[in-house]
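# Fold and geometry: a report
Each chain, written out:
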Amino acid sequence: MTFSSRQELVNALEGVDYLVDEGLATALFLAQSIRQPLLLEGEPGVGKTTAAKAMASVLGGPLIRLQCYEGVSANEALYEWNYSQQLLAIQLAGQADDGSSKPWLAADDLFTEDYLLDRPLLKAVRHPGPAPAVLLIDEIDRSDDEFEALLFEFLGEQSVTVPEIGTFSAVVDPVVILTSNRSRELHDALKRRCLYHWIEFPSLERTAEIVRRNVDAAAHPLVTAATAFVSDARALDLDKPPGVAEAIDWVGALSALGVTNLDDSEARSTLSAVIKTPDDIRTANEAMDAGELSVSVS
Ligand SMILES: Nc1ncnc2c1ncn2[C@@H]1O[C@H](COP(=O)(O)OP(=O)(O)OP(=O)(O)O)[C@@H](O)[C@H]1O
Ligand SMILES: [Mg+2]
């Protein structure tokens, strides 16, 4: 299904426990209605990857994921030739030769769709529908410049060219979501082909609601105190400020420990579930010693 208004999409996303503000709702709505690729940037743990998963779930199509890393190649993104099948075909053609007439296998016979292995971009283009596929190109900033350039045709025209066969154009235009943590600046040419949205860290209330939906068993006062503490910890000078994911993990851990009311001593003893480097833990403990960071009792 597709959505004819932003509010419909917001409601559907809420139904799969993905909560959006107006800016993100607008960006996701446009990505599905005009089918322009959407580049989502934001700090770790603000829900970039989950946005694509939630979109696939509400649209009812498959999620096709390309995880980027340094050195990711065209073979992994576009298509590969099935070399073992090609080799087998050559051998079989050889065996069929009984001496009377030599069967002949031209290169053209080996570079056809029969021997083509779809990788995520081609898979997204060839997805038959009716529901659109959601193509997640995750952490594009980890790939290198050349790889980014390789995406231009696909991002601009929703098509993939296989020189030996021709150009495959999308059967049903996929909803394309790229994510980046801004570990490096992306190419202008890539940005030009995409809609853009920066996901802000959600408000305190929204964070609490997200945590509540992810950790069913958690007591309300615990969720409120833990999310407020995480939000205060984000104001410290930390190398890795805790995100929504850490808040969820922490509340999950505290719940498992049977904690229903958070206090400073419980927070200190479980700090490593929410703050993940020794330097940051030291900074947080010092802030607690100095009274700059504490569990607020509501
Ligand atoms: N708006 C939201 N609604 C519901 N859950 C959310 C939301 N934002 C984040 N989450 C939850 O927070 C966790 C982290 O989200 P996710 O992995 O999508 O973040 P990310 O931005 O992709 O992080 P990274 O940059 O580290 O890959 C997930 O468990 C997700 O369910
Ligand atoms: Mg992610």
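Residues numbered from 1 in each chain as written. Chains lettered and ligands numbered in written order. Predicted model: local features only at pLDDT ≥ 70, side-chain atom pairs only at ≥ 80, totals over all residues. Heavy atoms only, no water.

As a working rule, side chains carrying opposite charge can pair if their charged atoms are close by. Within this structure, the stated rule accounts for 19 salt bridges. Among the charged side chains, a salt-bridge network with shared partners connects E14, D17, E209, R212 and R213. (Salt bridge = Lys/Arg side-chain N within 4 Å of Asp/Glu carboxyl O.)

In this approach the atoms are scanned with a rolling probe the size of a water molecule, which exposes any empty space left behind. Computed from the structure, the largest pocket encloses a volume of approximately 550 Å³. What lines the largest pocket is a set of 35 residues, among which Y18, G45, V46, G47 and T50 lie closest to the centre. Put simply, the parts of the chain that give the lining of the largest pocket at least two residues each are α3 (48-59), β8 (175-180), β9 (195-198), α11 (204-214) and α13 (244-256). Of the residues forming the lining of the largest pocket, the biggest block, 6 residues, is contributed by α3. By residue class, the composition of the lining of the largest pocket is 15 nonpolar, 11 polar and 9 charged. When residues of the lining of the largest pocket are assigned to domains, at least three map to each of domain 1 (6-77 + 120-198) and domain 3 (204-285). (1 Å grid on protein atoms, 1.4 Å probe; cavity = no way out; pocket = protein on both sides within 12 Å on 5 of 7 lines; lining within 4 Å. Points joined across faces, edges and corners; volume = space filled by probe spheres on them. Helix = DSSP H or I, 4+ residues; strand = E, 2+ residues; numbered from the N terminus. Nonpolar A, V, L, I, M, F, W, Y, C, P; charged D, E, K, R; others polar. Domains from an automatic or database assignment.)

What follows concerns the domain arrangement of the protein chain. How big an interface is tends to be stated in terms of accessible area lost as the parts join. By the assigned domains, the protein chain splits into domain 1 (6-77 + 120-198), domain 2 (79-113) and domain 3 (204-285). Look at where the C-alpha atoms of domain 2 and domain 3 centre, and you get two points 61 Å apart.

Quick look at the pairing of β8 now. Counting buried residues in β8 gives 6 out of 6 residues, a clear majority hidden from the surface. Alternating positions in β8 separate into two faces, V175, I177 and T179 on one and V176, L178 and S180 on the other, with burial throughout. Sheet topology note: the strand β1 (residues 38-41)/β8 ladder contains 4 bridges and is parallel. Residue pairing in the sheet places L38 in a bridge with I177 of β8. Here strand β5 (residues 134-138) runs beside β8; their pairing, made up of 4 bridges, is parallel. Note that in β8 the partner of I137 across the bridge is L178. (Buried < 20%, exposed > 50% of the residue type's maximum accessible area, 1.4 Å probe, protein only. Pairing = 2+ DSSP bridges.)

The next point concerns the site of ligand 1. Within the structure, ligand 1 sits among 18 residues, and L19, G45, K48, T50 and N181 are positioned closest to it. Within the backbone of V46, a nitrogen or oxygen atom sits 3.2 Å from an oxygen atom of ligand 1. Side-chain polar atom of E139 to an oxygen atom of ligand 1: 3.3 Å apart, as the coordinates give it. In the complex, 80% of the free accessible area of ligand 1, which totals 620 Å², lies under the protein chains. The set of elements that each furnish at least two residues to the shell around ligand 1 consists of α3, α11 and α13. Residues belonging to the shell around ligand 1 are distributed by class as follows: 8 nonpolar, 6 polar and 4 charged. (Near = heavy atom within 4 Å. Polar contact = N/O pair within 3.5 Å; in protein donor to acceptor, adjacent residues only side chain to side chain. Areas by Shrake-Rupley, 256 points an atom, 1.4 Å probe, with all protein chains shown as cover.)

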